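Okay, here's what each chain looks like letter by letter:
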Amino acid sequence: MSSITGGLADTKQTAASPIRSSLWRQAFRRLRKNKLAMAGLAFIVFMFLVCFFGPLFSPYANNKINPAIMNQAPSFKHWLGTDLLGRDVLTRLLQAGRISLTVGIASMIISVIIGSILGAVAAYYRGIVDQIIMRIADLLLTIPSLPILFILGALLSEWKVPVEYRMYIVMLMLSFVGWPGLARLVRSQMLTIREREYMQAAIVLGLNDRRKLFNHMIPNIVPLLIVISTLSIGGAILSESVLSFFGLGVMPPTPTWGNMIDAANNLIDFEQHPWLWIPPGVAIFTTVIAINIFGDGLRDVLDPKQKK
Amino acid sequence: MSTYLMRRLMYMILILLGASLLIFLLYAMMPGDFVTNNFKLPAERKAELREIYGLNKPVLERYMNWMNNAFHGNFGFSLSQQKPVLTLFNDYIWNSFLLAITSTFFTWLLAVVIGVVAAYKQYSWFDTMVMIFIFAAMSIPSFFIGLFLIKIMAVDLKWLPPGGMLVTGSNATGMEYIKEVVHHMFLPVVVMTLLGVGSLTRYFRSNMLDVIRQDFIRTARAKGMKERVVLYRHALRNAMLPAITLIGFELPGLFGGSLIIEKIFNWPGIGQLYMQSFTVRDYPLLMGFTMFIAILTVIGTLISDILYHVADPRVKL
């Protein structure tokens, strides 16, 4: 008896696992063949490792101010030179990368969570709930996001937010302007899913709202969400750098790639010390390219219909 | 169609009312105002000025005032420049428009040509190069590429001016004037074109890919038409058509200037005006600008939807 049920359980498992993972496995196999996307992924991983572990091996990680070696050009001792306060630019660049990458990813996660929950709820319940959520989204999409971000940035300084907490608020600011577009996208996807046969089956089976929403609808937009979230990390990193460059985002002494480029606002640094502001710009550019290429590769395998 | 348009217009007005309230509240929350930020003034004079400008009134009353004037076509008076906001917009907007229309022209030209050729030669080395170029163009931090080009072209090589629209103190006229302006707008136009060309090239490439696979293209080839005719008459036209819906979305960019590019290149456009007013908290100007962009966005979306119907009559409005 036990052998029979054991056998049954076995066949169930072997039958279930390939079906459950086949989409993901197929996608992964095809993704691996896309050399450009894999190069992008490799660069992202490299950037993470270097930013998060690199400073541990740097002799200048304590950010000690040393006026004796201020504004030195790149040399063997300081690969990317030193800044106005005699700090090693390479070490600061990596420490800045930690913040920029963290802010980019965190604000993406927050806006994807808000956007997909609100979009899903709007599409599922329709009626007044849908109206309220989508009208708010429309409203926020009508107002240009850069002025909103500038105002919020100015408010942060007014409310005397401690410098070390500013990065968390910047994440929230970026999600505040990021969620409406996502909500709209998720809503339109959910509306098409809602009309599919398997959803009618779910209704006939008498499943409750939560099971329909979380077990049947949301899993079907996960591939799309993965693609969109990957691509929006790049956008968030760019927005953070713009804000910090204009002194309205994360502020020194916390370094980010954006506020390091702020050195270019000083005419002497801009003209004579390009090692202060070119490396962070190149870091932003290469990281965002890598993310966009990888995201596009993901889109090819997970969501080919959305290619445009 | 007309009932749709009526409903649509009503909704536009409601959204703009909501936007005006939100914009007003956001700016009202902002720290400091034009008078308190001026350190040179004594306290009594500050109180007096705030009274004159109505800055000491309750927020709601100020909002009502602002809206009331706006409905009468009066967007207020710039405090820092002492001119009506709309007059200032008119002074600066055309400089922004000059940059925007030039770069939009080059963006579309490049995007159509590159996108179509890349689609036609899909998977060739040219196509791969184009794809990499598209990703690069979509990933550029705008302010950084601006600074970088100024550093190389203006500071190091001295080929082009670092910013502005004219040489300081210039009184050139006629052809000389045009030459000077073109010289100054070269770099900002290059940067703006670069920033826009990536996604648009990709759009045309994928449109063209869709069209090339259609049956009527095969029919055209089967009839023995020249490849050139098939490509330009039959394929390109159909690939271009959906793009007219994008024209509406270009609207805010054409007249709204670019905050970042104009600031970096010190271009006397409306975006630069906004950035200057931001530091001195010239609220009428700031609110007027933000509202102006919101209006352009709403109108642009409407135009896009209508053009969508024009391009494909199967789409019902």
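In this text, all values refer to a predicted model and were calculated from it rather than measured experimentally.

**Some points on the overall build of chain B**
Right, so step 1: Check the secondary structure of chain B and you find 13 helices and 2 strands.
Right, so step 2: Along the first, second and third principal axes, the C-alpha set of chain B runs to 85 × 60 × 35 Å.
Right, so step 3: Per-residue burial for chain B yields a buried fraction of 47% across its 317 residues.
Right, so step 4: Pairs at least 24 residues apart make up 72% of the contacts formed inside chain B by residues separated by at least 6 positions.
Right, so step 5: Only carbon and sulfur atoms are counted for the fraction: they give 67% of the accessible area of chain B, which is about 16400 Å².
Right, so step 6: Across chain B, the centroid of the 27 positively charged side chains sits 10 Å from that of the 18 negatively charged ones.

**Section: the side chain of A:T287**
Residue and element names in this part refer to chain A.
Right, so step 1: Its location among the elements puts T287 in helix α11 (residues 278-302).
Right, so step 2: For T287, a relative accessible area of 2% puts it in the buried group.
Right, so step 3: Once you skip the residues sitting within four places of it in the chain, T287 turns out to touch F43, M47, L101, I237 and W257.

**Some remarks on α11(A)**
Right, so step 1: With 25 residues, α11(A) extends 36 Å between its outermost C-alpha atoms, agreeing within 8% with the 36 Å of an ideal straight helix rising 1.5 Å per residue.
Right, so step 2: Where burial is concerned, most of α11(A) is hidden: 21 out of the 25 residues are buried.

**Concerning a positive patch on the surface**
Right, so step 1: A grouping of A:R25, A:R29, A:R30, A:R32 and A:K33 is seen on the molecular surface, where their side chains present a positively charged patch.
Right, so step 2: For A:R29, the location among the structural elements is in helix α1 (residues 2-33).

**As for the side chain of A:S111**
Residues and elements named next belong to chain A.
Right, so step 1: Among the secondary structure elements, S111 is positioned in helix α3 (residues 89-125).
Right, so step 2: On the basis of relative accessible area, S111 is assigned to the buried category, the value being 6%.
Right, so step 3: Apart from residues lying up to four places away in sequence, S111 is in contact with S116, S175, G178, W179 and L182.

**Section: the confidence of the model for chain B**
Right, so step 1: When pLDDT is averaged across chain B, the result is 86; 98% of the residues are at 70 or more.
Right, so step 2: Within chain B, helix α4 (residues 85-120) of chain B carries the highest mean pLDDT (91), whereas helix α2 (residues 43-53) of chain B carries the lowest (75).

**Some words on the interface of chain A and chain B**
Right, so step 1: With 44 residues of chain A at the interface, the matching set in chain B holds 42 residues.
Right, so step 2: Both sides of the chain A and chain B interface together cover about 3800 Å² of buried area, and 83% of this is carbon and sulfur.
Right, so step 3: Summed over the shared surface of chain A and chain B, the number is 1 salt bridge.
Right, so step 4: Salt-bridge contacts for B:R202 lead to A:D296; the nearest nitrogen and oxygen are separated by 2.4 Å.
Right, so step 5: Our enumeration of links across chain A and chain B arrives at 6 residue pairs in polar contact (both at pLDDT 80 or more).
Right, so step 6: Taken together, the elements giving at least two residues each to the side of chain A that touches chain B come down to α4 (127-142), α5 (145-158), α8 (209-245), α10 (267-272) and α11 of chain A.
Right, so step 7: Sorting elements by how many residues they give to the side of chain A that touches chain B places α11(A) first, with 11 residues.
Right, so step 8: By residue class, the composition of the side of chain A that touches chain B is 32 nonpolar, 4 polar and 8 charged.

**Topic: the nonpolar core**
Right, so step 1: Of all hydrophobic cores here, the largest spans 133 residues; its most connected members are A:F150, A:W257, A:W277, B:Y27, B:L147, B:Y274 and B:F278.
Right, so step 2: The contacts of B:Y27, once residues within four sequence positions are left out, are A:P147, A:I151, B:Y274, B:Y283, B:L286, B:M287 and B:T290.
Right, so step 3: Residues B:V116, B:Y203, B:F204 and B:V211 belong to the second largest nonpolar core, which totals 22 residues.

**Let's talk about unusual backbone geometry**
Right, so step 1: Located in the positive-phi region is A:R126, a residue other than glycine, with phi close to 50°.
Right, so step 2: Mapping A:R126 onto the fold places it in the loop between α3 and α4.
Right, so step 3: Positive phi values are uncommon outside glycine, yet B:K158 reaches one of about 60°.
Right, so step 4: Note on placement: B:K158 falls in the loop between α6 (142-156) and α7 (174-212).
Right, so step 5: Assessed through its relative accessible area of 65%, B:K158 is described here as exposed.

**Notes on the confidence of the model for chain A**
Right, so step 1: For chain A, the mean per-residue pLDDT works out to 83, and 91% of the residues sit at or above 70.
Right, so step 2: Here residues 1-18 of chain A scores under 50 on pLDDT; set against residues more than four positions off or in separate chains, the count is 1 contact.

**Quick look at the packing of α5(A) against helix α1 (residues 2-29) of chain B**
Right, so step 1: At a minimum axis distance of 9 Å, the contact between α5(A) and α1(B) shows a crossing angle of 30°. Viewed along their axes, α5(A) and α1(B) adopt a mutual orientation that is roughly parallel. Judged by the twist between their axes, the crossing of α5(A) over α1(B) is left-handed. On α1(B), the residues that touch A:P147, A:I148, A:I151, A:L152 and A:L155 of α5(A) are B:L26, B:Y27 and B:M29.
Right, so step 2: Grouping the amino acids of the contact of α5(A) with α1(B) by side-chain chemistry returns 8 nonpolar, no polar and no charged.

About the cut-offs
- Residues numbered from 1 in each chain as written.
- Chains lettered and ligands numbered in written order.
- Predicted model: local features only at pLDDT ≥ 70, side-chain atom pairs only at ≥ 80, totals over all residues.
- Heavy atoms only, no water.
- Helix = DSSP H or I, 4+ residues; strand = E, 2+ residues; numbered from the N terminus.
- Buried < 20%, exposed > 50% of the residue type's maximum accessible area, 1.4 Å probe, protein only.
- Contact = heavy atoms within 4.5 Å.
- Areas by Shrake-Rupley, 256 points an atom, 1.4 Å probe, with all protein chains shown as cover.
- Lys, Arg positive; Asp, Glu negative; His and termini not counted.
- Charge placed at Lys NZ, Arg CZ, Asp CG, Glu CD.
- Expected span 1.5 Å × (residues − 1).
- Patch = residues over 30% accessible without salt bridge, like charges linked within 9 Å, V, L, I, M, F, W, Y side chains within 5 Å.
- Salt bridge = Lys/Arg side-chain N within 4 Å of Asp/Glu carboxyl O.
- pLDDT = per-residue confidence, 0-100.
- Buried area = accessible area lost by both parts, 1.4 Å probe.
- Polar contact = N/O pair within 3.5 Å; in protein donor to acceptor, adjacent residues only side chain to side chain.
- Nonpolar A, V, L, I, M, F, W, Y, C, P; charged D, E, K, R; others polar.
- Core = buried A, V, L, I, M, F, W, Y, C linked by side-chain atoms within 4.5 Å.
- Axes fitted to C-alpha atoms, helices over the stretch in contact; angles between N-to-C directions.
- Parallel < 35°, antiparallel > 145°, perpendicular 65-115°, else oblique.
- Left-handed = near helix turned anticlockwise from the far one by under 90°.

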